[in-house]
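Residue-level structural notes
Residue strings, one per chain:
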Amino acid sequence: MSVRRVVGTETEYAVMADRGNPVRWSFDVISGAGADGDARRIRWDYRQEDPVNDMRGRRLERAAARPEMLTDEPQRQITNVLADNGGRLYVDHAHPEYSSPETCDPFTAVAYDTAGDVLMRRAAEHANAEGLDDGTLRLYRNNVDGKGASWGSHENYLMRRDVPFDATAAMMTAHFVTRQQYVGSGRIGLGERGERAGYQLSQRADYFHMNVALQTTFDRPIVNTRDEAHAPADMRRLHVIVGDANRMDVPRVLKLGTTSMLLWTLEHADEAGIDVASRLEQLRLADPVDAMHRVSHDLTLAEPLALAHGGTMTAWQIQVMLNALVYETAAAVHGTDTRGEPVWPDRETRSVMAMWKQALLDVAAIRHADDGERLQSMAEAGRLEWLLKWQLVERMRRRLHPDEPLERALADPRLQAIDLRWASLDESESIYARLRGRTERTASDDEIAQAVDTPPADTRAWLRGTLVRRWPEQLRAVSWTHVTTRDDADGRQWTLDMSDPHAFTQEACAEVLAGADDAWGAVRALGATPAPRPRDGDARNAV
Amino acid sequence: MPQEQHSQSMAHDEQHEDDAAIGAQTTHRTAADAAIDDLDAILDDIGMVLETNAEEYVSGFVQKGGQ
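Every value quoted in this text rests on a predicted model; they were computed, and no experiment measured them.

1. Section: the overall build of chain A
Broken down by element type, chain A carries 19 helices and 21 strands. Relative to the 2.2 N^0.38 estimate, which gives 24 Å for 543 residues, the radius of gyration of chain A is 23 Å and therefore close to what a compact globule would have. On the principal axes, the C-alpha backbone points of chain A span a range of 75 × 60 × 50 Å. Classification of the 543 residues of chain A by burial places 54% in the buried group. Within chain A, counting contacts between residues at least 6 apart in sequence, those at least 24 apart form 71% of the total.

Structure representation (structure tokens):
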């Protein structure tokens, strides 16, 4: 692998309306997603979910888990809608959520991530057209309400299980604390309830209170250990919960791309003869949680972070070291060309490494710029989301409160509203929609439109999405790893095991699908077996 | 590539970028001015909409926590 690995994203949206509450609004949005057809009748199959399995090699007793951790025992009224693109829309707690289909590189992943905005917006429009008691549903892509609540946008990476967990945790801690400088989407307010005035790089940083743990809704950890691979036994899933719900493309490609390359480095350090554990020990932070908050609050981009073994480094310096570790490993594994550049194995990897370097240059340039120069930094603001949002806030301050420092001016709700309108999915009120043309795009409008209707060709999502589109009325249950049919003419249901995310691609299945008359014929030709009958009263199967 | 060397080349690139930026200052300025006019137009719109309902809009945005 390289930057090419199986990745997927999960986005929880904020939803508002005029009357009612966020739980009800979330259900109404998802009902709108299924308004078109039979796909809403397909159940999500929770039997393969295992939310208490911990990457550190142990399991949490179910009785000791808080109820919201048991995502495989959802409320009965939960609505799931399988999307034609192989993804899924559903209610998670009090938020409508989109899980993208599995993709094989960061650029494709971002196109499918953006497709979620389109699907969610369309769902709300359908629901609104029905004339709900709620009033008009409005969606936002952000992570905080400024009153104490936070919700997530997660990244998922398939990685080799033989990488020691301690090395993964050490690498990811160093990365997640410091990558905020180029992937943060910007936030007005400091502290979980925005109790202190100020602007910071990241939406999510203030909500992290532990270094490594299993849970995702309270005492959130920088490194989440939920180990639910949805894949063969030699692989595991790294479930990343620290990221912001960015609107811009570049920060999202960078989140997925840089993290993928660091995982690749962990997977290949031995082969390259690099003692990655001792390298990471040099980067170990004295207090990662404190550093996470500090980096996000530090608009100078230069604050020293205390290291566990004495001395300090800035977030930028740690990023340069991590980037150098990837180069060193790649040079040993792939060899170098005449300029000393590693011979990257594919176009996507070459692009990500160039973008990462550019991001480090952008951060360096902004670090040395004063506020006046930062307002003029157009090119950097086309790539750094927190900077573009800051430019708007700062210009508004100069206009409305020319004699006040930003901290005091931020008490003005007209400034605070910029953060919220940035996140709005309503194109008529979204500030981001107005500025999109000034940002660097990695996916065209055509590519996004295609990602809404068509599954990725090179993962099992191709078969899932194709079956859902062609024969939704013949499918009983779907999960990431299985598809189960309804009764065939003989009263039998069939289950297809799709544990390998690289199997059941377009190349592997297109011929069978072209020759199939129905879902039963298709899945049987692909190796489905008779499904065990569901047990009555089994809560985990009742959705 | 050894780490130090890579860090140096990063620092070198940064310097190089600075030089390039100074060289292209005039064209940059014009483009930046146009961009700022653009931002100002957006701020005009926001200002008009928010003048009336900003406080309600911001204080009414209340969510429950998620993952």
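2. Re the sheet that holds strand β21 (residues 529-530) of chain A
Residues and elements named next belong to chain A. Here five strands make up an open sheet; going across it, the order is β3-β18-β19-β20-β21 and the pairing mixed. Unpaired on one side and paired on the other, β3 (43-44) and β21 mark the two borders of the sheet. Pairing of strand β20 (residues 494-497) with β21 involves two bridges; the strand directions are antiparallel. Note that in β21 the partner of Trp494 across the bridge is Pro530. Running over the sheet, helix α17 (residues 461-470) touches β18 (475-478) and β19 (482-485) and is turned about 150 degrees from β18.

3. Details of the interface of chain B and chain A
How big an interface is tends to be stated in terms of accessible area lost as the parts join. At the junction of the two partners, chain B supplies 27 residues and chain A supplies 46 residues. Of all the secondary structure elements, the ones that give two or more residues to the side of chain B that touches chain A are α1 (3-23) and α2 (25-59) of chain B. Here the element with the most residues in the side of chain B that touches chain A is α2 of chain B; it accounts for twelve residues. Grouping the constituent residues of the side of chain B that touches chain A by class yields 15 nonpolar, seven polar and five charged.

4. Brief notes about helix α14 (residues 413-423) of chain A
In terms of residue burial, α14 of chain A counts as a mostly covered element, since ten of its eleven residues are buried. If you check which residues of α14 of chain A are buried, you get Arg414, Leu415, Gln416, Ala417, Ile418, Asp419, Leu420, Arg421, Trp422 and Ala423 of chain A.

5. Observations concerning the sheet that holds strand β6 (residues 80-82) of chain A
Residue and element names in this part refer to chain A. Pairing is antiparallel in the open sheet, where six strands are placed in the order β6-β7-β8-β1-β10-β15. With partners counted over all chains shown, the strands left at the sheet margins are β6 and β15 (235-240), one partner each. Sheet twist, expressed as the average angle between the axes of neighbouring strands with direction ignored, equals 20 degrees. As paired elements, β6 and strand β7 (residues 88-92) share three bridges and run antiparallel to each other.

What counts, and at which threshold
- Residues numbered from 1 in each chain as written.
- Chains lettered and ligands numbered in written order.
- Predicted model: local features only at pLDDT ≥ 70, side-chain atom pairs only at ≥ 80, totals over all residues.
- Helix = DSSP H or I, 4+ residues; strand = E, 2+ residues; numbered from the N terminus.
- Rg over C-alpha atoms; globule rule 2.2 N^0.38 Å.
- Buried ≥ 20, exposed ≤ 12 C-beta atoms within 10 Å, placed from the backbone.
- Contact = placed C-beta atoms within 7 Å.
- Pairing = 2+ DSSP bridges.
- Axes fitted to C-alpha atoms, helices over the stretch in contact; angles between N-to-C directions.
- Nonpolar A, V, L, I, M, F, W, Y, C, P; charged D, E, K, R; others polar.

Everything listed here is a matter of coordinates, which is why it stays silent on function.
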